[in-house]
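Residues per chain are reported as follows:
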Amino acid sequence: MSINKVMVIGAGQMGAGIAQVFAQAGLHVKLNDMNGEALKKGMSGIEKRLNRAVEKEKMSASEKEEAWNNLESTTDLREASDCDLVIEAVVESMDIKTQVFQTLDEVTPEHAILASNTSSLPITEIAAVTKRPSQVIGMHFMNPVPVMKLVEIIRALQTSEETYEAIEEMSKKLGKTPVEVNDYPGFVSNRILMPMINEAIYTVYEGVSSVEDVDTVMKLGMNHPMGPLQLADFIGLDTCLYIMEVLHDGFGDSKYRPCPLLRQYVKAGWLGKKSGRGFYSYE
């Protein structure tokens, strides 16, 4: 099928980044958020990134103008009525996501594909609340979206081959590298990454080494560009805890148990960079 018009729901860092890459690929994109201020901030962030790309000569002024002209913003989900693809990038809450998908099921054309950018929640469960489960799929982009090349394409149990092929082709059009993943908790990226971060937290919790030294081991010894504890701060410790809980609940295996120190930091409001303090101080 042909995908020409796209809506991205959620104007946060991920949603705005997704909208940007679609606009740069020449598609007409509607960025949606119920919160007008969040929408304004998301559009402003896109404009700044495009201007920076021109300054760094990674994009011409005319290419920037063309990408910007491909974008529009809206607070009304009914604006998805002429879209071929809708990508949801709202908060990691199954209740909120299923509400969004039920609304989209009513307002989008019959042929439209409905995708979720969820990092851990089951696509099969999301698909089941719609009347078009074969056209529901996961598109898990990496952060920051305009820079990172990977997209995990998650097949729900119900996803059709036609839907998968359309999204795989679209991902390549965006300049991304698609990876096919079946619908299991955490998919591939977070099933591997989050237990590593959790184990790094246990290493600190058990007094094996300091935060700085754990990160140094992984950076210099394993050639990671960023240590797992600093990365956790950038992701958000509340997000890390939530994904570990999804893995623990989904598999019922004690190896996915969240570290008590991670729980304690989240309860303290030490959520990482976004709160000014996590394993490191950002104040």
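Fair warning: this is a prediction, and the values are worked out from it, not measured in the lab.

## Description of a positive patch on the surface
- Taken together, Lys 48, Arg 52, Lys 56 and Lys 58 make up a surface patch of like positive charges.
- Within the secondary structure, Lys 56 sits in the loop between α2 (36-55) and α3 (61-69).

## Points about the UniProt feature "domain: 3-hydroxyacyl-CoA dehydrogenase C-terminal" (unreviewed entry) in the protein
- Under the local residue numbering, the UniProt record ascribes the feature "domain: 3-hydroxyacyl-CoA dehydrogenase C-terminal" (unreviewed entry) to residues 186-282.
- Helix makes up 62% of residues 186-282 and strand 0%, and the two end C-alpha atoms of the span are 28 Å apart.

## Re helix α1 (residues 13-24)
- The end-to-end C-alpha separation of α1 is 17 Å, in line with the 16 Å expected for twelve residues at 1.5 Å each.
- Among the twelve residues of α1, ten are classified as buried, and the element is accordingly described as predominantly covered.
- Among the residues of α1, those classed as buried are Met 14, Gly 15, Ala 16, Gly 17, Ile 18, Ala 19, Gln 20, Val 21, Phe 22 and Ala 23.
- Two residues or fewer after α1 comes Gly 26, characterised by a positive phi angle close to 95°.

## A few points about the packing of aromatic side chains
- Inspection of every chain in the model, using the stated rule, returns five aromatic pairs.
- Between Tyr 265 and Trp 270, the aromatic rings sit 5.1 Å apart at their centres with planes inclined by 85°, giving edge-to-face as the arrangement.
- Trp 270 gets classed as partly exposed once you look at its relative accessible area, which sits at 28%.
- The exposure class assigned to Tyr 265 is buried, which follows from its relative accessible area of 16%.
- Ring pairing ties together the aromatic residues Tyr 265, Trp 270 and Phe 279, which thus form one cluster.
- The ring of Tyr 164 carries Arg 155 above its face, with NZ or CZ at 4.2 Å from the centroid.

## Comments concerning the environment of Glu 206
- Among the structural elements, Glu 206 can be located in the loop between α7 (189-205) and α8 (211-221).
- Look at Glu 206 and you get exposed, because its relative accessible area is 56%.
- Placed 55 residues apart in sequence, Glu 206 and Leu 261 show a C-alpha to C-alpha distance of 9.6 Å.

## Here's the deal with the layout of surface pockets
- A volume near 870 Å³ is recorded for the second largest pocket.
- Around the second largest pocket, the lining is made up of 29 residues, and of these Gln 20, Arg 49, Arg 52, Pro 144 and Pro 146 lie nearest the centre.
- Elements that contribute at least two residues to the lining of the second largest pocket include exactly α1 and α2.
- Per-element tally for the lining of the second largest pocket: the top contributor is α2, with eight residues.
- Class assignment of the residues belonging to the lining of the second largest pocket gives a composition of eleven nonpolar, ten polar and eight charged.

## Overview of unusual backbone geometry
- Of note, the amide linkage connecting Asn 143 to Pro 144 takes the cis form, showing an omega dihedral of 0°.
- Topologically, Pro 144 is positioned in the loop between β6 (136-141) and β7 (150-155).
- A positive phi angle is found at Phe 187, which is not glycine, with a value near 55°.
- Positionally, Phe 187 belongs in the loop between β8 (177-182) and α7.
- Positive phi, close to 60°, is recorded for Asn 223, a residue that is not glycine.
- Structurally, Asn 223 is set in the loop between α8 and α9 (228-235).
- We classify Asn 223 as exposed; its relative accessible area is 68%.

Cut-offs and rules
- Residues numbered from 1 in each chain as written.
- Predicted model: local features only at pLDDT ≥ 70, side-chain atom pairs only at ≥ 80, totals over all residues.
- Heavy atoms only, no water.
- Patch = residues over 30% accessible without salt bridge, like charges linked within 9 Å, V, L, I, M, F, W, Y side chains within 5 Å.
- Areas by Shrake-Rupley, 256 points an atom, 1.4 Å probe, with all protein chains shown as cover.
- Salt bridge = Lys/Arg side-chain N within 4 Å of Asp/Glu carboxyl O.
- Lys, Arg positive; Asp, Glu negative; His and termini not counted.
- Charge placed at Lys NZ, Arg CZ, Asp CG, Glu CD.
- Helix = DSSP H or I, 4+ residues; strand = E, 2+ residues; numbered from the N terminus.
- UniProt positions renumbered as here; feature names shortened; annotations may be inferred.
- Expected span 1.5 Å × (residues − 1).
- Buried < 20%, exposed > 50% of the residue type's maximum accessible area, 1.4 Å probe, protein only.
- Phe/Tyr/Trp six-rings, centres within 6.5 Å; stacked < 30°, edge-to-face > 60°.
- Lys NZ or Arg CZ within 6 Å of the ring centre and 35° of its normal.
- 1 Å grid on protein atoms, 1.4 Å probe; cavity = no way out; pocket = protein on both sides within 12 Å on 5 of 7 lines; lining within 4 Å.
- Points joined across faces, edges and corners; volume = space filled by probe spheres on them.
- Nonpolar A, V, L, I, M, F, W, Y, C, P; charged D, E, K, R; others polar.

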